[in-house]
Structure formats: structure tokens, C-alpha cells
Amino acid sequence: MEASRFEKLSDTAWRVAPFGAMRVPAIIYATESLIAEMDDKVFDQVTNVAKLPGIVRAAYAMPDAHWGYGFPIGGVAAFDAGEGGVVSAGGVGFDVSCGVRTHLTHLTREQILSVQQALADALFEHVPAGVGSEGEIALDDAETTAMLLGGAQWAVERGFGRAEDLDRIEEKGRATDADPAAVSEHARQRQRREMGTLGSGNHYLEVQEVAEIFDPAVAAGYGLIQGECVVTIHCGSRGLGHQIGTEFLREMVISAQQYGIVLPDRELACAPIESELGQKYLGAMRAAINCALANREIIGHLARQVFARFFERAELPLMFDVSHNTCKTERHAIDGETRPLFIHRKGATRAFGPGHESLPEALRPFGQPVLIGGSMGAGSYVLAGMETSERQAFSSACHGAGRRMSRHAATRAWGGRKVVDDLRAQGIIVKSPSLRGVAEEAPGAYKDVRAVVDSAQAAGLAKKVAFLKPLICVKG
DNA sequence: ATGTTC
């Protein structure tokens with residue numbers, strides 16, 4: 001789309017003044033060339049979000065923004081419950097609490113390369129991946145409830161992880177105020193055999209080399225050492241989160257009129273935070289957050305089991321685990337007054353700056369790790385939250401490279417086999433149950449991740465710490 | 001994202 005549709009605030013910040021039913025401005029943080037590459041739908045979606053009741057300050061789009069369901073992916077919006085603010089199922093997304101975690105290995109690139117193929121095969125064999133993938137863990141109804149309440153803490157109690165991991169997960173591995181009773185029987189059933197599975201789409205488990213350091217002090221604080229390798233896991237709440245999203249979206253469409261909400265787009269279905277439906281959704285969504293946190297904890301455990309076969313002394317401590325599809329209650333300053341707000345981040349990462357009280361002590365001086373999942377070929381980045389992000393976008397940053405091409409277009413442009421072969425020629429081993437899935441995820445289907453993170457840094461959302469180059473990718 | 005079109 002044309003950047004001229006926006007008022008330029010800086011090279012990486014653009015604004016749309018309220019027009020029509022917009023209650024607040026829309027702001028996009030990206031360079032002119034990234035904006036030029038985006039679909040016009042991003043403009044429509046971010047300005048539609050600005051029309052929702054109770055929205056505060058502005059509707060935001062991150063530099064990786066692209067067309068999503070209702071809200072853009074790469075969207076941030078905050079709502080005030082006391083001013084009729086809403087919660088939107090489409091504003092969280094179907095894959096509730098999809099997120100990324102990175103484990104350190106303190107193994108060198110050479111050590112990984114010495115077993116690269118066998119390690120890739122073993123990870124692929126041990127970590128279930130793909131549509132409908134099922135694991136060894138089967139939950140009965142009581143255990144499902146315990147999991148929905150306990151999140152990663154539940155996983156650790158059941159032996160699928162370590163107690164010291166919890167400090168390195170948002171909210172110490174457990175969302176409070178989850179309401180398992182708000183999760184339907186159908187959603188529970190779908191999750192019965194899906195704990196500890198990657199799923200499909202852009203989800204993956206990668207072994208990555210720390211290939212470049214941008215901020216030595218912060219990298220050292222995070223435990224990232226150039227030439228060593230990390231394990232990064234990207235996945236979410238699987239069938240359970242999807243089912244919750246589907247059911248509440250339907251209910252929110254039906255009830256909108258009753259709550260006096262005029263929807264600028266049916267996909268923006270929402271309910272007042274203070275309504276019965278809004279509270280029920282928040283309870284179910286928090287239960288789905290716990291499902292995703294437990295799921296990633298279990299997958300981390302599975303990765304540790306595989307690494308132990310190859311490297312007896314490898315520990316795989318957790319560096320950080322952060323979700324990028326959530327609605328969270330956080331306190332932020334509005335007009336000089338700190339208020340609790342409901343922050344929707346859809347394909348956007350929380351990015352608290354140095355000193356934030358919610359960060360574990362070991363990370364607090366450096367700011368929150370912001371884990372940016374790039375494509376299989378271009379690699380990923382670790383960023384650090386900056387204090388400036390608080391006033392830019394309620395302490396949020398991008399979450400990935402962002403698609404520049406639809407899945408369908410990608411399958412027309414590339415064959416999965418060729419993508420695997422091309423990556424192999426670059427030293428990257430890809431293992432996937434689906435060649436079509438690999439084609440959809442071809443590196444060329446994504447924006448230039450470097451341009452995205454450079455935009456995020458220039459806009460004051462988060463700063464670059466390290467670049468991670470994949471060596472092994474288990475793709476869902 | 002998704003028992004990939006309830």
C-alpha cells in the first residue's frame with residue numbers, strides 16, 4: 001500500500017488521524033518500503049480496530065504487520081474496561097498464546113554439526129509435528145482442568161520440565177484467573193492427545209547458531225554466546241485454543257447488537273470486558289494461555305531428552321518464553337495516570353524495558369527478551385525491550401518477519417522439495433511431515449526480517465541483541 | 001492457526 005495514506009511522523013512511524021467512526025488514531029511502525037509491501041487490508045484493519053469501544057490512545061501495527069482475521073497480525077490495541085472497553089476473540093487470534101521459547105545449550109556450532117543429521121532425525125522422531133499430531137500424553141478431564149489452571153507449573157509438577165524454568169516464563173508459567181469451566185467439552189476433547197505437539201503452519205522447533213551479536217552486554221546477560229547454539233520452539237495452544245476462538249467468535253457476533261456494539265467488520269466481534277460474555281472469554285482465553293505454556297514446557301522437555309542422547313552433559317536451561325497472541329491486563333500510564341488496561345497483542349510481543357518489576361531478577365537489568373521468529377532460511381533475532389516502547393505501543397514489539405505472500409501464493413511459487421534442497425545447500429536441515437507446508441513457509445514468502453527488526457529498533461520498540469541462524473528446523 | 005471447508 002501507499003505510505004502516502006499516512007501522515008509521516010518519522011522514518012519508522014506513520015499515523016492516520018481519526019476519520020469516520022475512528023475513536024483514536026492508527027499508528028504503524030515500519031519503513032516506507034515495508035509499508036509499500038503491505039496489503040491495503042492492513043490499513044483497513046488497523047483503522048477499523050480504532051473504531052472499537054473503549055480503545056485507548058491508538059490502534060497500532062508493528063513492522064511485521066500483515067492481513068489477519070479482523071485485527072492485523074502484528075496488531076496492538078489497549079482497552080479500558082471502565083470506558084466500555086471490549087475484549088475481542090479476533091484480537092487475540094485463533095492460536096491463543098502462540099509464542100516462542102529459547103533454550104541455551106552452550107554447545108558449539110561444531111558440536112551440533114558433528115551430529116547434525118542424526119540430531120535432526122531424532123528431534124523429528126521425538127517431537128510430534130504436523131496437522132492433528134498427537135503425543136504420548138493423554139489427559140482425562142480432571143488432568144485437563146489441572147493443566148488449564150496450572151500452565152507450565154502443571155507441566156513441571158508432572159515431571160515435564162524443571163522448576164527453574166518457571167522464572168523464565170511470562171507470569172512464572174501460569175496465567176492467573178483462568179476459568180476451566182468456561183472451556184467447552186469440545187475444546188477439551190480436541191486437546192486430549194495434543195499436549196507436547198508442535199502443530200503445523202509456521203510452528204517449528206529449531207536448533208540455531210548464535211551467529212552475530214549486536215549488544216554484547218545484553219547478550220551476555222541473556223547467556224547468548226557467539227558460536228554457541230540454542231533451541232527455539234514456536235507453537236501455541238493447538239486445537240484447544242482454536243476451538244475456544246471459534247466458539248467465542250460466534251457468540252460475540254451474535255451478542256454484539258445486544259451490547260449496543262456496531263461492528264466495523266464482522267471479524268472484529270467483541271464483547272464488553274465487564275459483560276458476562278467478556279468475562280467468560282477472558283477466563284477461557286487465560287486457560288488457553290496455560291495450555292500453550294504447558295505445551296511449550298513439555299516440548300522443551302522432549303528436546304532435552306533428545307539432546308541428552310547426543311550430549312550427556314547438555315543442560316538446556318530456558319532463556320525465556322514469551323507469547324505473542326494474548327489479551328493481558330497490565331497497568332500503563334494514560335495522561336499521567338496509571339490504569340489497568342486490557343492489551344490485545346496479536347502477532348505482537350510484549351517488550352518490557354529494563355527494570356520492569358515483572359521480569360525475573362537475572363533479566364531485569366537488560367529488559368525483556370523479545371524473541372523474533374524469522375523464516376527457515378533468513379533466521380531469527382533476539383531483541384530486548386526498551387523503556388521507550390511503553391509510550392510507543394504499550395511495551396510491544398514485532399513477533400516475526402511477517403508474511404509478504406499468502407500461503408496459496410507461496411505454493412504456486414515454490415515446491416516443497418526445492419525449498420528443502422535449497423536450504424540443505426545453505427547448511428540447514430529441514431524435517432517436516434508436509435512438503436506443502438514447507439512450500440507455504442518458504443523463506444521467500446516472508447518479509448526481510450532484518451528490515452523488520454531494524455524498523456522495530458529505529459521506532460524504539462526493542463533493540464537488537466543477537467541474530468540466530470538455523471542449522472536444524474523441525475517444521476509442523 | 002485449525003481433526004487445513006461445521
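Residues numbered from 1 in each chain as written. Chains lettered and ligands numbered in written order. Predicted model: local features only at pLDDT ≥ 70, side-chain atom pairs only at ≥ 80, totals over all residues. Heavy atoms only, no water.

- Within an unreviewed UniProt entry, the label attached to chain A reads tRNA-splicing ligase RtcB, and the organism entered is Methylocystis borbori.
- As recorded by UniProt, the Subunit (unreviewed entry) comment attached to chain A reads in full: "Monomer."
- Of chain A, the UniProt comment under Catalytic activity (unreviewed entry) reads exactly: "a 3'-end 3'-phospho-ribonucleotide-RNA + a 5'-end dephospho-ribonucleoside-RNA + GTP = a ribonucleotidyl-ribonucleotide-RNA + GMP + diphosphate". (UniProt positions renumbered as here; feature names shortened; annotations may be inferred.)

**So, helix H15 (residues 449-458)**
- Buried within H15 are the following residues: Val449, Val452, Val453, Ser455 and Ala456. Buried residues in H15, looked at end-on, bunch into an arc of 155 degrees, giving them a common side. In H15, the exposed residues that point more than 90 degrees away from the buried face are Arg450 and Ala458.
- Those residues of H15 that are buried are in contact with helix H1 (32-37), strand S4 (55-66), strand S15 (369-372), strand S16 (380-385) and strand S19 (462-475).
- Here H15 starts with a cap whose side-chain oxygen sits 3.0 Å from the backbone nitrogen of Arg450, and that cap is Asp448.
- Directly after H15, the chain includes Gly460, whose backbone phi takes a positive value near 80 degrees. (Buried < 20%, exposed > 50% of the residue type's maximum accessible area, 1.4 Å probe, protein only. Helix = DSSP H or I, 4+ residues; strand = E, 2+ residues; numbered from the N terminus. Arc of directions from axis to C-beta. Contact = heavy atoms within 4.5 Å. Polar contact = N/O pair within 3.5 Å; in protein donor to acceptor, adjacent residues only side chain to side chain.)

**Some points on the state of the cysteines**
- Within the structure shown, the criterion is met by 0 disulfides.
- With no disulfide of its own, Cys327 lies closest to Cys270 among cysteine sulfurs, the gap being 11 Å.
- Accessibility expressed as a relative area gives 3% for Cys327, which makes it buried. (Disulfide = S-S within 2.5 Å.)

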